[in-house]
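This is what each chain is made of:
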Amino acid sequence: MSAASAAVQFGQHPPALRTIVHLSDTHFLAGNAALGGRYDTLANLRRTVAAIDRTRIRPDAVVCTGDLTDLGEPEAYRALREVLEPAAERWGAPLVWVAGNHDERAPLRAELLGAAASDEPVTAVHDLDGLRLIVLDSTVPGWHHGEIDDAQLAWLADVLATPAPLGTLLALHHPPLPSHIPFFDILELRGQHRLADVVRDSDVRGILAGHLHHSTSGTFAGVPVSVAAATCYTMDLARPADEVNGMDAGQSFHLVHIYDDTVTHAVVPVVDAETADFFTPEWVAEMAALTPAERLDAFSRKRPR
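Summarised in this report is the structure supplied together with it.

Conventions and cut-offs
Residues numbered from 1 in each chain as written. Predicted model: local features only at pLDDT ≥ 70, side-chain atom pairs only at ≥ 80, totals over all residues. Heavy atoms only, no water. Helix = DSSP H or I, 4+ residues; strand = E, 2+ residues; numbered from the N terminus. Buried < 20%, exposed > 50% of the residue type's maximum accessible area, 1.4 Å probe, protein only. Lys, Arg positive; Asp, Glu negative; His and termini not counted. Salt bridge = Lys/Arg side-chain N within 4 Å of Asp/Glu carboxyl O. Polar contact = N/O pair within 3.5 Å; in protein donor to acceptor, adjacent residues only side chain to side chain. Contact = heavy atoms within 4.5 Å. Phe/Tyr/Trp six-rings, centres within 6.5 Å; stacked < 30°, edge-to-face > 60°.

Thoughts on the side chain of Arg205
- Note that Arg205 resides in strand E9 (residues 204-209).
- Among buried charged residues, Arg205 stands out as having no salt bridge; its nearest opposite-charge side chain is Asp261, 5.9 Å away.
- Polar side-chain contacts of Arg205 include one of 2.7 Å to the backbone oxygen of Tyr259.
- For Arg205, the side chain forms a polar contact with the main-chain oxygen of Asp260, separated by 3.4 Å.
- Sequence-distant contacts of Arg205, defined by excluding residues within four places in its chain, comprise Leu166, Gly167, Thr168, Leu169, Val223, Pro224, Ile258, Tyr259, Asp260, Asp261, Thr262 and Val263.

Written as structure tokens, this is what we have:
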């Protein structure tokens, strides 16, 4: 899109103030071993990166909401960095790492954060030019279910006591939502009411999560929650709930757009499909050259058939 056409506001909403790429559940293994004996996590992430490249987006951050590796192997974390760090550099965006239940805190800290290897929760606060992004660690060492411990809740309450200019997004692995799939309820975020007490009436505008290997959304303490599907494999929901299993299809990522009064989460499928290519930069430029009334007449009016 040309600079001139990009400057024209076609609708009632101005451009987004901030944009975030939301990925989840890469599940890398050392030596690119096949996950579950069947999924090529490296190839699937590379396809996802290529899809993001095609958007030509310049995001304000790339958020990866956990299960970065499958077994917490140092080599797997290094391999993940080799794919995502050059991509994030091309996009001009910081990488935000979130711990998941398949991760191990010590090697994650050492290999991705360049920090001392310790089992302390992986938390952070990122200032994206006025938009605050808070990383929580919902992992419970030695277990696959989630929980936010007392110290994190107190820390979160302290951070949220001062509102951010553009509000706050939370990023954690286990979504504070119900699931219609029985086995995910066993591995849910426990003690959700305690987190709700901290989030309610704060400046939190959205919650980003993963864990479920399928895209879903809901509300928590009055705040929208958006769950990104995995890049490695996704759950085939076209089955009875007690027969849902993984499939090497349906991978996607989210484009999160932050506006003055709302936050949107677009699910972008990673597919190789032919498109009609009717809309082009030239078409957009032609529309930009028209007055609002002319644009409406040219594109919205139904013509006689």
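Some details on the packing of aromatic side chains
- In this structure the tally under the stated criterion is seven aromatic pairs.
- Between Phe278 and Phe279, the ring centres sit 4.9 Å apart and the planes meet at 90°, which makes this aromatic pair edge-to-face. The burial state of Phe278 is the same as that of Phe279; both residues are exposed.
- With a centroid separation of 5.9 Å and 85° between ring planes, the pair formed by Phe279 and Phe299 is classed as edge-to-face. Linking Phe279 in the loop between strand E15 (263-269) and helix H8 (281-288) with Phe299 in helix H9 (residues 292-299), this pair joins segments that are 20 residues apart in sequence.
- Three or more aromatic residues link up through ring pairs in this structure, and these residues are Phe278, Phe279, Trp283 and Phe299.

Fair warning: the whole summary comes from geometry, so function is off the table for now.
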